[in-house]
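# A closer look at the structure
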Amino acid sequence: MSTEAAPLSDVERIKTESRFLRGTLVESLAERATGAIAEDDTQISKFHGIYQQDDRDLRAERRKQKLEPAFSFMIRARMPAGICTPEQWLEMDRLARTHANQTLRITTRQAFQWHGVIKKNLKPTIRAINDALLSTLAACGDVNRNVIAPPVSELAEIRGRIAADATRLADHLSPRTRAYHEIWLDGNKVETTEQESEPIYGPTYLPRKFKISFVIPPLNDGDVYAQDLGFIAIVEEGELIGYDVTIGGGMGMAHGAPETYPRLADTAGFITREQMIPVAEAVVTTQRDFGDRTERKHARLKYTIDDMGLDKFVAEVEQRSGVKFAPAHDVRFSHRGDPDGWLQDDRGAWHYTLFVENGRLADRSDRRQLSGMRAIAQVHDGEFRLTANQNVVIGDVAETAKARIEALLDEYGMTGSVSKLRRNALACVGLPTCGLAMAESERYLPGLIDRLDDLLAENGLDDDPIVIRMTGCPNGCARPYVAEIGLVGKAEGSYNLFLGGGFDGRRLNRLYAENLNDQGIVDALAPLFADYAKRRRPDEHFGDFVIRAGHVAAVSAGPEVHGSR
């Protein structure tokens, strides 16, 4: 039996040689002969919140003209709990109009993304983001990413405390390298990286990305069971007494690779608020030390837990943190979507949830959301909170200011009815810019929903809030595997259809049909909608119905997602 260690993945080599995330980014940014950065730097730049992309709509034409691809960059902010001030909003909007493609995108991790930033504008854009007291460090890469938390709740004080906990945790898990300040903010250079350390991550950081969510039952708006680490708020007699902790969720998989699969998190137990930081750090360092650094498709926490066994993993976390988990509570969730329109909290403040289709804030004909939000930010006295469902909450609006906000929403065409299917839809960016995309997503889903809305109306199902999600590849950024209807791109114009996810986010869906084109998707769903309308029980959700009716079998473990009906 060989005792040789398995070879590390090439990304591990790049991280090892990066000198705490420096790589050769300075040299890449200075090179004007190309719009790209060095290949190894494309991995290191992710830790700085940057993805190199190119416009795939233009690839063939540029190749014909013997030009390099139309390279540009996506920049993602790190915004714990998705919170920003009106002043920050205005600066993010300015950057979208001056350095990006005239749009702001809200991600499913409650953060802004800017698309179409060319290389020479990277540094001034990131500098401006930091000058506005936000950051892009650790928005991507093999580290803990943006920590998401409830953007709105009737329980104002509880929501505020949870947002504060999310921010504390994000700060605690932020990388300590000085590389970010050196490269982007002209900070003083460290004489030698021997002077640096990463006390939590170590010099090679985590084996893969890591995601954290906070939620307040009965609303599972942060899809807590789809996250590596989750904190479910436990409120008793109006007090936040602590959190039930979930570990081991994750969405990504690969087509045709049954050894890869999405997974729902397990519940480890209950902790107090004071125990949150040591427990979270222990989960991260356990994944750091036990996660797979040889095969990146097997490197997420979900596989570490399945390989180790849940009991062994939890015991390791308890030993490292010095915290013994108490028994978990009986937690129940009713839904995942954002509130529609105005909500008043228990302190009397108003909060308006603006629906943003697929998270893309832009000016389109009579619906001018980018300009409208700029106008609101110029007069708003509260804060803005991005949601994990790609919407934005105009938060803390006083009763006396409500009419002014409503007038601006009307003036810029930002009100109006939206179908419940559309309101419960999510999509990743997909083509043409995402380098991993195999198919359209953001650009395609709105038109598909038009057709599906017609089908639902024909069957008297207009008021059914079915959860539908689409991604351009199987990595699952829009969390399609916990949707009642999940569509995952396989090739241009071709999608796999998944059915049976739980409306509350506590059940994965299952592969129902493969390689469907546009008409194939409609043809597959039409008889299911008709059967649902005819045979559903009172208050039965679509995901529950397709299982009860025998269209798909319920999924009890991640690998079953690949299985036959």
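The structure we're discussing is the one just above.
A few points on the structure. Remember, it's a predicted structure, so these values are computed and weren't measured experimentally. (Residues numbered from 1 in each chain as written. Predicted model: local features only at pLDDT ≥ 70, side-chain atom pairs only at ≥ 80, totals over all residues. Heavy atoms only, no water.)

## What about the sheet that holds strand 18 (residues 468–471)?
Taken in spatial order, the five strands line up as 17-18-19-20-21 in an open sheet, and their pairing is mixed. Strands with a single pairing partner mark the edges of an open sheet, and in this sheet they are strand 17 (425–427) and strand 21 (510–516). Shown here is a sheet whose adjacent strand axes are inclined to one another by a mean of 15°, direction ignored. Bridging between strand 18 and strand 19 (residues 485–491) involves four bridges; their strand directions are parallel. Opposite R469, over in strand 19, you have G486 as the bridge partner. Contacts between helix 15 (residues 445–458) and the sheet are confined to strand 17, strand 18 and strand 19, with strand 18 contributing the most and set at about 145° to the helix. (Pairing = 2+ DSSP bridges. Helix = DSSP H or I, 4+ residues; strand = E, 2+ residues; numbered from the N terminus. Axes fitted to C-alpha atoms, helices over the stretch in contact; angles between N-to-C directions. Contact = heavy atoms within 4.5 Å.)

## Here's the deal with the nonpolar core
Counting 101 residues, the largest nonpolar core has W89, F112, W114, F214 and F231 as its most contacted members. No other element matches the seven residues that helix 9 (residues 276–290) contributes to this core. One finds A439, M470, Y495 and L525 within the second-largest nonpolar core, a separate group that totals 34 residues. (Core = buried A, V, L, I, M, F, W, Y, C linked by side-chain atoms within 4.5 Å. Buried < 20%, exposed > 50% of the residue type's maximum accessible area, 1.4 Å probe, protein only.)

## Observations concerning helix 3 (residues 39–47)
Along helix 3, the residues classified as buried are D41, T42, I44, S45 and F47. Buried-residue contacts for helix 3 involve helix 1 (10–17), helix 2 (25–30) and strand 1 (50–54). Once helix 3 ends, the next one or two residues include G49, with phi positive near 90°.

## What to know about the sheet that holds strand 15 (residues 383–386)
Read across the sheet, five strands follow the order 3-15-16-11-10 without closing on themselves; strand pairing throughout is antiparallel. At either margin of the open sheet sits one strand with a lone partner, and together these are strand 3 (83–84) and strand 10 (341–344).

## Looking at the layout of surface pockets
Roughly 610 Å³ of internal volume is contained in the second largest pocket. For the second largest pocket, the lining is made up of 33 residues, of which H335, G337, D338, P339 and D340 are closest to its centre. Within the residue set of the lining of the second largest pocket, elements represented by two or more residues are strand 10, strand 11 (350–354) and helix 14 (420–423). The element best represented in the lining of the second largest pocket is strand 11, accounting for three residues. For the lining of the second largest pocket, the class distribution of residues is 16 nonpolar, ten polar and seven charged. (1 Å grid on protein atoms, 1.4 Å probe; cavity = no way out; pocket = protein on both sides within 12 Å on 5 of 7 lines; lining within 4 Å. Points joined across faces, edges and corners; volume = space filled by probe spheres on them. Nonpolar A, V, L, I, M, F, W, Y, C, P; charged D, E, K, R; others polar.)

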